[in-house]
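# Report on the structure
As a plain string of letters, each chain reads:
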Amino acid sequence: SIYERIDAVEDKVEAFVTITKEQAYAKAKEIDEKFARGEKLHPLAGIPIAIKDNICTKDVLTTCSSKMLYNFVPPYDATVMQKLNDCGAILVGKTNMDEFAMGSSTETSYFKKTKNPRGLDRVPGGSSGGSAAAVAAGEAPISLGSDTGGSIRQPASFCGVVGLKPTYGAVSRYGLVAFASSLDQIGPFGRTVEDVAMLFSAICGRDPMDATSSKHEHEDVMAALNGDVKGLRIGIPAEYFGDGIDAEVKESVMAAVKKLEEQGAIVKEISLPSTKYALPAYYIIASAEASSNLARFDGVKYGYRAKEFTDLTDMYERTRSEGFGEEVKRRIMLGTFVLSSGYYDAYYNRAKLLQRQIADEFAKGFEECDIMITPTSPSTAFKFGANSSDPVKMYAADICTINVNIAGLPGISVPCGVGADGMPIGMQMIGPKFSEATLLRTAANYE
Ligand code: GLN
């Protein structure tokens, strides 16, 4: 079983916070019996899957890699988990992540540092580093992550796997522990585009439990994989190929674009001048929402509670100062600041205006092209500690991915080369809302 592989490599990779071997064997037995009875099974039946530890799993620890939730066992399944259970997929374990999904390297986890299976001295990316590493290391053929500002696409790029961030609203967020609710989306990782398409089609769709989930009728993405790219218009936004992006990354992405052009795609340069505003807008909006979403962790209902305290207020204070890590506290303070009266207009409102501007610019861009291609990350996977002492440097590494969340668009990262250090390079394809089928088809043609 997959656990032979997990037992063999998990010591080195450390992709998991929790391993659910017993439950997995019980579930596998159930599927076997169904199969023996000749019942019709879903293609995902019996397939092992790893799930990011901010997605609620009934009776299985869901920690968000935080001390704050070190003992939290949800009494219910997230909608995505429910859907996968119904398909017969088998949960193998919960994957490590940056605490509450805040980070780009999985180094802010309270529990452990996940290594990049392609180079153990490198970070796997983040925040869904465990989910990307598990797939890259063969510890699970597919996995789920969440992406608020790049947390699926960037680790997919760093680990050399495929990762899809769906259109905002395409996948239910019910049971996903909220970081920035207006940007968060759950999405799949896989070794191939086909695996990612299969997993996406299993989890997408309207959910009455999530009012922001969309009624959109999704195209059959599996059928779409058979199409070609003749006449597909690919836009290359100049702003994503400027200073700050490593030369080898640009070259590798442009070589991939060339390959698509040879298959009949039409390539043109376009411009998205507001790209430069995306970083400040993102870190203001995401932190503002986080400061509100994380207010619920107060030691009262669940999770960690300080051992010693004098009164209720003291209990809150000690619980939150002991339970949250440094990065989470930084975001809560930043978010509280930009929302405070007197600063609200100067920061939060301006960030929301920039968000509108960025989204409008993308919409205009898509009048000229069907998809856009950019690097997923400015560099290959960096070494442990390289950015962790300098938050602004770490934030800057998100420059290629956050715009997509700000505009609510779908994006996919596909491996497209290897850097001088032997680490994978990823290219990002971005499409208009609900263009997952086009993105997957293009990615499949490149692959
Ligand atoms: N790296 C970004 C951040 O730290 C994105 C994280 C994410 O997508 N969850 O906020």
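Just so it is clear, the structure is predicted and the values come from calculations on it, not from any experiment. (Residues numbered from 1 in each chain as written. Predicted model: local features only at pLDDT ≥ 70, side-chain atom pairs only at ≥ 80, totals over all residues.)

### Remarks on the packing of helix 6 (residues 193-203) against helix 15 (residues 436-446)
Where helix 6 meets helix 15, the closest approach of the two axes is 9 Å, and the angle between their N-to-C directions is 160°. Taken together, helix 6 and helix 15 sit at an angle that is classed as roughly antiparallel. As helix 6 runs across helix 15, the sense of the crossing is left-handed. Between helix 6 and helix 15, the residues in contact are Val-193, Glu-194, Ala-197 and Phe-200 and Glu-436, Leu-440, Ala-443 and Ala-444, respectively. Broken down by class, the residue content of the contact of helix 6 with helix 15 amounts to six nonpolar, no polar and two charged. (Axes fitted to C-alpha atoms, helices over the stretch in contact; angles between N-to-C directions. Helix = DSSP H or I, 4+ residues; strand = E, 2+ residues; numbered from the N terminus. Parallel < 35°, antiparallel > 145°, perpendicular 65-115°, else oblique. Left-handed = near helix turned anticlockwise from the far one by under 90°. Contact = placed C-beta atoms within 7 Å. Nonpolar A, V, L, I, M, F, W, Y, C, P; charged D, E, K, R; others polar.)

### Topic: the environment of Val-229
On the secondary structure map, Val-229 appears in the loop between helix 7 (221-224) and strand 7 (233-237). Once the C-alpha coordinates of Val-229 and Pro-273 are considered, the two residues, 44 residues apart in sequence, prove to be 27 Å apart. Residues contacting Val-229, with those up to four places away along its chain left out, are Leu-260, Gln-263, Gly-264, Ala-265, Thr-442 and Asn-445.

### Section: helix 3 (residues 79-87)
Of all the positions in helix 3, only Thr-79, Val-80, Met-81, Gln-82, Leu-84 and Cys-87 are classed as buried. Those residues of helix 3 that are buried are in contact with strand 2 (48-52), strand 4 (142-147), strand 6 (185-190) and helix 6. Of the residues one or two after helix 3, Gly-88 is the one with positive phi, at around 95°. (Buried ≥ 20, exposed ≤ 12 C-beta atoms within 10 Å, placed from the backbone.)

### Focus: the site of the ligand
Lining the immediate environment of the ligand, one finds 13 residues, of which Ala-101, Ser-104, Thr-148, Gly-149 and Ser-151 sit closest. Residues that form the shell around the ligand fall into these classes: four nonpolar, seven polar and two charged. (Near = placed C-beta within 6 Å.)

### Details of the packing of helix 9 (residues 278-293) against helix 12 (residues 345-368)
Packing of helix 9 against helix 12 brings their axes to within 9 Å, and their N-to-C directions diverge by 125°. The pairing of helix 9 with helix 12 is recorded here as oblique in orientation. Our pair here, helix 9 against helix 12, has a crossing hand that is left-handed. Listed contacts from helix 12 to Ala-278, Pro-280, Ala-281, Ile-284, Ile-285 and Ala-288 of helix 9 are Tyr-347, Tyr-348, Ala-351, Lys-352, Leu-354, Gln-355 and Ile-358.

### Quick word on the nonpolar core
Ranked by internal contacts, the top residues of the largest apolar core, which has 120 residues, are Ile-49 and Ala-443. Element by element, the count of residues in this core is highest for helix 9, at nine residues. The residues contacting Ile-49, other than those within four sequence positions of it, are Leu-84, Ala-89, Ile-90, Leu-91, Val-92, Ala-140, Ile-142 and Ser-143. Core analysis: the next-biggest nonpolar cluster, separate from the first, contains five residues, Tyr-240, Met-394, Ala-397 and Ile-399 among them. (Core = buried A, V, L, I, M, F, W, Y, C linked by C-beta atoms within 7 Å.)

### Considerations on the UniProt feature "active site" (unreviewed entry) in the chain
Taking the numbering used here, the UniProt-annotated feature "active site" (unreviewed entry) corresponds to Lys-52, Ser-127 and Ser-151. The annotated residues occupy 100 residues of the chain but converge on a single region, no pair of C-alpha atoms lying more than 10.9 Å apart. The topology assignment puts Lys-52 in strand 2. Once residues lying within four places of it in the same chain are set aside, the contact partners of Lys-52 are Thr-95, Met-97, Ser-128, Gly-130, Ser-131, Leu-144, Gly-145 and Ser-146. In this fold, Ser-151 is placed in the loop between strand 4 and helix 5 (153-159). Apart from residues no more than four positions distant in its own chain, Ser-151 is found in contact with Ala-101, Gly-126, Ser-127, Ser-128, Gly-145 and Ser-146. (UniProt positions renumbered as here; feature names shortened; annotations may be inferred.)

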